[in-house]
Amino acid sequence: MFTKILIANRGEIARRINTVARGMGMKTVAVFSDADADLPFVKEADEAVRLGPAPAKESYLNVDALLAAARQTGAQAIHPGYGFISENAEFARAVSEAGIVFVGPPPEAMLRMKDKSEARRLVAAAGVPIVPGTRDVLPDVATALAEAERIGYPVLLKAAGGGGGIGMAVANTPAELEKGFRACVDRARAAFSRDTVYLEKYFPAPRHLEVQILGDLHGHTVHLLERECSIQRRHQKVVEEAGSPLFLEGLNPAVRATLFDAALKAARAFGYANAGTVEFLYSEGAVYFIEMNARLQVEHPVTELTTGVDLIGWQFRVAANERLTFEQAAITRIGHALEFRVYAEDPVKFFPSPGPLKVFRPPTGDGVRLDAGYAEGNVVTPFYDPMIAKLIVSGASRAEAIARAKVALAEFRIEGIKHNLPLHQRILEAPAFVEGRLDTRFLEQHVGPPHAGSQQTKP
Ligand code: MV4
């Protein structure tokens, strides 16, 4: 195992990686921007290196500064966390060329899943069900119109260089498609390295299911069951759970078996190793691959808590060339876990709401875990993602987890910034949530705007 590692991230995930690494006997190096110098993740590491000014481009995305910090401290491996440089194949290559281990998938696997249209072809050839759509990217609008007739409206334009919902456009008619095509290509050109787009059949209200993958460098790949991630707003997840209510009490066994089989086939087709996630849409009894993410996901704790597998620990072991020591048959779910993402945001406008955390008192109790990037007295700055913490609640059953979550959310005290704890409370009260009837429209359909009188922050 490594004796010293560098954590190329910030906030709650940097703290988690630090805790796991120290627990495995490794020394840790944190890196930080000027905006983060006072945060817990900097103080808790064995060493800390300043990267640069607050903007991510000059700090957490600064490849040269990250490599210099690793060299200077003698770190043998770099854990990228999620976001920032975590899915950057060029960074992974540069790390390995510097004689340092990238704690993540092989760069070749990252490159195979980067172009979403190429990824569709690759997994389809391996027998994975994909959303009906175009085999190739679209050379012109005439091809788009012809393909849409074949697929049937409504269709969804997606940017091949996108992912995570960026650069999509729905078309209900040929006229909308003509208009959307140019806009989508232009947006893709501005946002990504490639301006290519492709078409899929559009599902108006699918469930979003994902499967956790873990593979070693010796050809052993397992999945760690599914997560349900349908509750989101503007492509930002809000609540995630393991497992999906779709499969509780042995429901839909054939769909579940197809989902896991498809996830393993996709991971193997990409030549995947380390921790990754295969994303699917579920609609009317069928699952469809949409993309694979080459990183540890924000919501990985719900999988850890319900399978007993330490994902970050295994990321380090796999990166150090160790073999997985368990078989697929050993993976069964124990209990249920919910994750609530706590955002520093305006509850009405859903804009980030930075400011000082005058009061920050997380709940405690059986099955309650809080992964926070901040402590009371810290300041939430506008430079990074507004997620300040993850409240993760587990129980023997989904009902027990929900009951514990209600108590935990009622106890949680945050003052000084606007936040979304009241939104989480309303989600837990929605009959559709309690009954597990979830899809990507859940929030708009079942959870109204905040009460006129609900006060989010105290003066
Ligand atoms: C879709 C879709 C409907 N039909 N594809 C958004 C995130 C990206 N990974 C894929 N996304 C979607 N792709 C087809 N053919 C609806 C979504 C989608 C969505 C997916 C997962 C979680 C939340 C979502 C919210 C809105 C739309």
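The rules behind these values
- Residues numbered from 1 in each chain as written.
- Predicted model: local features only at pLDDT ≥ 70, side-chain atom pairs only at ≥ 80, totals over all residues.
- Heavy atoms only, no water.
- Pairing = 2+ DSSP bridges.
- Helix = DSSP H or I, 4+ residues; strand = E, 2+ residues; numbered from the N terminus.
- Axes fitted to C-alpha atoms, helices over the stretch in contact; angles between N-to-C directions.
- Salt bridge = Lys/Arg side-chain N within 4 Å of Asp/Glu carboxyl O.
- Buried < 20%, exposed > 50% of the residue type's maximum accessible area, 1.4 Å probe, protein only.
- Near = heavy atom within 4 Å.
- Polar contact = N/O pair within 3.5 Å; in protein donor to acceptor, adjacent residues only side chain to side chain.
- Areas by Shrake-Rupley, 256 points an atom, 1.4 Å probe, with all protein chains shown as cover.
- Contact = heavy atoms within 4.5 Å.

### Considerations on the sheet that holds strand E11 (residues 236-242)
Moving on, step 1. The eight strands are arranged E13-E12-E9-E10-E11-E14-E19-E17 in an open sheet whose pairing can be described as antiparallel. Every other strand in the sheet has two partners, leaving strand E13 (286-293) and strand E17 (368-372) as the edge strands with one partner each. Pairs of neighbouring strands in the sheet enclose a mean axial angle of 25°, with direction left out of account.
Moving on, step 2. Sheet topology places strand E14 (residues 336-343) next to strand E19 (residues 387-395); eight bridges connect them, and they run antiparallel.

### Focus: the pattern of salt bridges
Moving on, step 1. Under the counting rule described, the total for this entry stands at 35 salt bridges.
Moving on, step 2. Taking the shortest distance from any N to any O, the salt bridge between Glu-200 and Arg-120 comes out at 3.2 Å. One end of the pair, Glu-200, is in strand E8 (residues 197-201); the other, Arg-120, is in helix H6 (residues 116-125), and 80 residues separate them in sequence.
Moving on, step 3. With relative accessibility at 2%, the residue Arg-120 sits in the buried group.
Moving on, step 4. In this structure, the salt-bridge partner of Glu-210 is Lys-237, at a minimum N-O distance of 3.0 Å. Of this pair, Glu-210 sits in strand E9 (residues 207-215) while Lys-237 sits in strand E11, and the two are 27 residues apart along the sequence.
Moving on, step 5. Taking relative accessible area as the criterion, Glu-210 reaches 0% and is therefore assigned buried.
Moving on, step 6. Each of Glu-210, Arg-227, Lys-237, Glu-240, Glu-299 and Arg-341 takes part in a single network of salt bridges with overlapping partners.

### Quick look at the site of the ligand
Moving on, step 1. What surrounds the ligand is a group of 18 residues, the closest being Lys-158, Glu-200, Lys-201, Phe-203 and Gln-232.
Moving on, step 2. For the ligand, a nitrogen atom lies 2.6 Å from a polar atom in the backbone of Lys-201.
Moving on, step 3. Phe-203 is positioned with one of its backbone polar atoms (N or O) 3.0 Å from a nitrogen atom of the ligand.
Moving on, step 4. When the free accessible area of the ligand is taken as 520 Å², the share hidden by the protein chains comes to 91%.

### Concerning the sheet that holds strand E6 (residues 155-159)
Moving on, step 1. On the basis of which strands lie adjacent, the open sheet formed by three strands has the order E7-E6-E8 and antiparallel pairing. At either margin of the open sheet sits one strand with a lone partner, and together these are strand E7 (169-171) and E8. The sheet shows a mean angle of 30° between the axes of neighbouring strands, direction not considered.
Moving on, step 2. Pairing analysis gives three bridges linking E6 to E7, with the strands arranged antiparallel. Counted as the bridge partner of Val-155 is Ala-171 from E7.
Moving on, step 3. Sitting on the sheet, H6 touches E6 and E8, and the angle it makes with E8 is about 55°.

These figures capture arrangement, not role.
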